[in-house]
Amino acid sequence: MCGIVGYVGKRNSADVLVDALSKLEYRGYDSAGIAVMEQGDIVVEKCQGKLDNLRERLAVHKPQGMVGIGHTRWATHGEPSDINSHPHGNKRVTIVHNGIIENYLEIKEFLLGQGYHFVSETDTETVAKLLDYYYDGNPIKTIHKVVNEIRGSYALGIMFREFPDRIFAIRKDSPLIVASGEGENLLASDVPAILKYTKNYYLMEENELAEITADQINFYDPHMNPIEKEVQVANFDMEAAEKGGFAHFMLKEIYEQSKAVSTTILPRIKDGMPDLSECGLTAELLKGFRKIFIVACGTAMHAGMVGKYLIERLARIDVTVDIASEFRYRDPILSEDDLVILISQSGETADTKAALHLAKDHGAKTLAFVNVKGSSIARDADMVIYTHAGPEISVASTKAYAVQLAAMYLLTFELAYANGKISKEECRSYMEQLTAIPDLITKTLEVKEECQFVASKLLNAESLLYIGRGLDYALSMEGSLKLKEISYIHSESYAAGELKHGTISLVTDQMPVIAVATQTDLFEKTVSNIKEVKSRGAKVIVVLKDGMKIEEGVADHVIKIPQVENIFTPILTVVPLQLIAYYTSVLKGCDVDKPRNLAKSVTVE
Ligand code: AGP
């Protein structure tokens, strides 16, 4: 979704703003723009398209000044166009905005009645004009008046011509940080944008306001009282947010999975047992749940699907997995005895956040699996297990999924032990196997060339099927999503046993099938399903565990993952599926890290 940045300091702000925006490109966008205070006037440059288009414009005319705001827009109200691009406003007040103003039509009508004219189709322009309408020489009072009238979500960067040495920022339901450097201060939607300048930043709470000059940042609470805030220090550097020699962030992040999984599990092992007490999960609490709901979107929801199989199998607790956008409107039957687990890499996904609030309203206990420190979901949930993937820049989630699974294993073992479903010895043995997973992920990466070969065979396919049973089915969902989102080849994941109830009619020699068959107890049944598609002409790629064999002629290509117990195969099998998707996208010449129409952090419904 949109990215916003702001700068006040000693450098040419246009350069800093474009550089900072380039670190937010992963969020997804279709246009970009900046506003710079140039000799007392607000000068705007903006255009549709990638940042390079804006750079070209700035090569012709770059506004000179050390104060400015910038924006990458992901269109919601009005098509991507120069006019609809941010910043919006007039000579007196100009803003950038991330979020959606729900009552913008009402406000627009009011402002039209006051003689204002609108040039764009955006909701943002109404906020800019409302600021202008209420402006009385006091920016802080004006901003407060406006946020009291708008409904929806917003992170706003604001410039007033009469205050040429400062910018203002406020947020609600959209992420925003304010960063403090040496003689320069910034604001941004996310940490990677500020790392080149400083590692120190402040997390803005709902409706807190920041007034930012080059050497001072003043914060105000929602009642306009000055407040002190605690500084945060980014625990990763520029390098973690750069490609580091890899062709794409996605490939780099696939290779980082082993380390990320170690970082997520190792600090949570005590005496060989899982220990999530730092997250507020005590054995006492884990004993009492009637039912568990796992709620998330996209990849995070797929991690939840694996979680359902794991928890039900080992802890024997009923688990329902929901897509957050459905959960929030399906009137779920929740009680105080239920645990609702929200999974989110960004911690800002609008539907997941709404699901969290719904669960809280019903009195259920809420536990968030979140990667981004201090994000809304992490802050609002009763308990949080931080996954330690580090910054994930590629829109296609890879290492974030691996760490979500790693955290799910920890939780499953702790739940199963607390509920007396596994003994201490069994729990220790599972933990030992989990500790070996990071090395096995590294070993699994050795199938890279085979995946490249498979990708070369998929290039011209129009559609693909992923099939599997049990955990293999849950995992295939993620393989299928990876392929379609970055290579634009349609694919579906199907429970292998369900194919013959309809979908098999689609299978021809034009429909490749990727079959995951790593579950030893289900192997023969899955092989029967593989034979069914093979005999209808499909080219079949089969993923097996080391030591498993499939009859000659059933598979066109076999990829093997290392030998592990059945419950651990998803965290390894995902690696070849990610690599197949990655190489297919590369070979097709797609924009791997920034696939069309997608945003990294989906902050709208
Ligand atoms: C998958 O590659 C996507 N990035 C997407 O499905 C993502 O997992 C989903 O939008 C949820 O995001 P979140 O984890 O930040 O909540």
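For the structure, see preceding data.
Residues numbered from 1 in each chain as written. Predicted model: local features only at pLDDT ≥ 70, side-chain atom pairs only at ≥ 80, totals over all residues. Heavy atoms only, no water.

Let us now look at the overall build of the protein. When you go through the protein residue by residue, the secondary structure sums to 18 helices and 27 strands. Relative to a compact globule of 605 residues, whose C-alpha radius of gyration would be 25 Å, the protein shows 25 Å and is just as compact. For the protein, the spread of C-alpha atoms along the three principal axes comes to 75 × 55 × 45 Å. Considering the protein as a whole, with its 605 residues, one finds that 61% of them fall into the buried category. For the protein, contacts bridging at least 24 residues in sequence account for 71% of all contacts bridging at least 6. (Helix = DSSP H or I, 4+ residues; strand = E, 2+ residues; numbered from the N terminus. Rg over C-alpha atoms; globule rule 2.2 N^0.38 Å. Buried < 20%, exposed > 50% of the residue type's maximum accessible area, 1.4 Å probe, protein only. Contact = heavy atoms within 4.5 Å.)

This part takes up the site of the ligand. Residues in close proximity to the ligand total 15 residues, the closest being S344, Q345, S346, T349 and E485. Interatomic distance of 2.6 Å between a backbone N/O atom of Q345 and an oxygen atom of the ligand. When the ligand sits alone it has 410 Å² of accessible area, and the protein chains cover 91% of it. Judged by the proximity of its atoms to the pocket grid, the ligand belongs to the second largest pocket. Broken down by class, the residue content of the shell around the ligand amounts to 6 nonpolar, 7 polar and 2 charged. Taken domain by domain, the shell around the ligand gets at least three of its residues from each of domain 2 (244–435) and domain 3 (442–589). (Near = heavy atom within 4 Å. Polar contact = N/O pair within 3.5 Å; in protein donor to acceptor, adjacent residues only side chain to side chain. Areas by Shrake-Rupley, 256 points an atom, 1.4 Å probe, with all protein chains shown as cover. 1 Å grid on protein atoms, 1.4 Å probe; cavity = no way out; pocket = protein on both sides within 12 Å on 5 of 7 lines; lining within 4 Å. Sits in = over half its atoms within 2 Å of the grid points. Nonpolar A, V, L, I, M, F, W, Y, C, P; charged D, E, K, R; others polar. Domains from an automatic or database assignment.)

One pass over the full model with this rule turns up 14 aromatic pairs. Between F246 and Y255, the aromatic rings sit 5.5 Å apart at their centres with planes inclined by 40°, giving tilted as the arrangement. Connected via pairs of aromatic rings, a cluster forms that spans F110, Y116, Y133 and Y134. One Lys or Arg, R596, reaches over the ring of Y488 and ends 3.8 Å from the middle of that ring. (Phe/Tyr/Trp six-rings, centres within 6.5 Å; stacked < 30°, edge-to-face > 60°. Lys NZ or Arg CZ within 6 Å of the ring centre and 35° of its normal.)

Note on helix geometry: an α-helix contains 3.6 residues per turn, so any two residues three or four positions apart are oriented the same way. Among the residues of helix α3 (residues 104–113), those classed as buried are Y104, I107, K108 and L111. Summarising the axial view, the buried residues of α3 lie within an arc of 100°, below the 170-degree limit, and thus occupy one face. Facing away from the buried surface of α3 by more than 90 degrees, the exposed residues are L105, E106, E109 and G113. Looking at the packing, one finds that the buried side of α3 touches α4 (124–134) and α5 (139–149). A positive backbone phi angle near 95° is found at G115, which sits one or two residues after α3. (Arc of directions from axis to C-beta.)

A few words on the layout of surface pockets. Its boundaries defined by the atoms lining it, the largest pocket holds a volume of some 820 Å³. Lining of the largest pocket is provided by 44 residues; of these, F236, N371, V372, G390 and P391 occupy positions nearest its centre. Residues belonging to the lining of the largest pocket are distributed by class as follows: 18 nonpolar, 12 polar and 14 charged. Three or more residues apiece are contributed to the lining of the largest pocket by two domains, here domain 1 (3–240) and domain 2 (244–435). What the second largest pocket holds in volume is close to 520 Å³. C297, G298, A599, K600 and V602 are the residues nearest the centre of the second largest pocket, which is lined by 27 residues in total. (Points joined across faces, edges and corners; volume = space filled by probe spheres on them.)

This next bit is on the sheet that holds strand β6 (residues 93–98). With antiparallel pairing, 7 strands are arranged side by side in an open sheet as β5-β6-β7-β8-β12-β13-β14. Lying at the two open borders of the sheet, with one neighbouring strand each, are β5 (88–89) and β14 (226–227). Looking at chain direction, strand β13 (residues 217–220) and β14 are connected through 2 bridges and run antiparallel. Bridge pairing in β14 links F219 to I227. Against the sheet, α4 makes contact with β5, β6 and β7 (154–160), and its axis sits at roughly 145° relative to β6, the strand it touches most. Together, β7, β8 (167–172), β12 (209–212) and β13 form the strand contacts of α5, whose direction differs from that of β8 by roughly 25°. (Pairing = 2+ DSSP bridges. Axes fitted to C-alpha atoms, helices over the stretch in contact; angles between N-to-C directions.)

Here V395 shows up in the loop between β22 (383–386) and α13 (399–418). Spatially, the C-alpha atom of V395 lies 36 Å from that of P164, the residues being 231 residues apart in sequence.

Let us now look at unusual backbone geometry. Apart from glycine, the bulk of residues carry a negative phi angle, and the bulk of peptide bonds sit in the trans form. A cis amide bond links H86 with the next residue in sequence, P87, at an omega value of 0°. Position of P87 relative to the elements: it lies in the loop between β4 (67–73) and β5. In this model, Q39 sits at a positive phi of 45°, which is unusual for a non-glycine residue. Turning to its location among the elements, Q39 is positioned in the loop between β2 (31–38) and β3 (41–48). Here the phi dihedral of D331 falls at roughly 55°; this positive angle occurs in a residue that is not glycine. Overall, the relative accessible area of 61% leaves D331 in the exposed class.

A word on helix α16 (residues 471–487). A rise of 1.5 Å per residue sets the reference length of α16, with its 17 residues, at 24 Å; its end C-alpha atoms lie 25 Å apart and thus fit the reference within 8%. With 14 of 17 residues buried, α16 is to be regarded as a mostly interior element. In the segment just after α16, Y488 is the residue with positive phi, at about 65°. (Expected span 1.5 Å × (residues − 1).)

What the rule picks out here adds up to 3 cavities of 30 Å³ or more. Space inside the largest cavity adds up to approximately 60 Å³. In terms of lining residues, the largest cavity is bounded by C2, R73, W74, A75, T76, H77, H86, H97, G99, T122, D123 and T124. In this model, the second largest cavity occupies a volume close to 40 Å³. For the second largest cavity, the full set of lining residues is M1, C2, W74, T76, N98, G99, T603 and V604. A class-by-class count of the residues in the lining of the second largest cavity yields 4 nonpolar, 4 polar and no charged.

Moving on to the sheet that holds strand β20 (residues 338–344). Working definition: the strands of a sheet are paired by backbone hydrogen bonds and lie parallel or antiparallel to each other. Strand order in this open sheet of 5 strands is β19-β18-β20-β21-β22, and the pairing throughout is parallel. Both outer strands of the open sheet, β19 (319–323) and β22, are each paired with one neighbouring strand and no more. Ignoring which end each strand starts from, the neighbouring axes of this sheet average 20° apart. The pairing of strand β21 (residues 365–370) with β22 spans 4 bridges and is classified as parallel. Bridge assignment links L367 to a residue of β22, and that residue is M383. Along the sheet face, helix α9 (residues 298–315) touches β18 (291–296), β19 and β20 and points at about 170° away from the line of β19. The sheet contacts of helix α11 (residues 350–361) involve β18, β20 and β21, and relative to β20 the element is tilted by about 165°.

Counting buried positions over the 6 residues of strand β1 (residues 3–8) gives 6, a clear majority of the element. Of the two faces of β1, the one carrying G3, V5 and Y7 and the one carrying I4, G6 and V8 are both buried. One ladder, built from 4 bridges, connects β1 with strand β10 (residues 185–188); its direction is antiparallel. Among the inter-strand pairings, G6 is bridged to a residue of β10, identified as L187.

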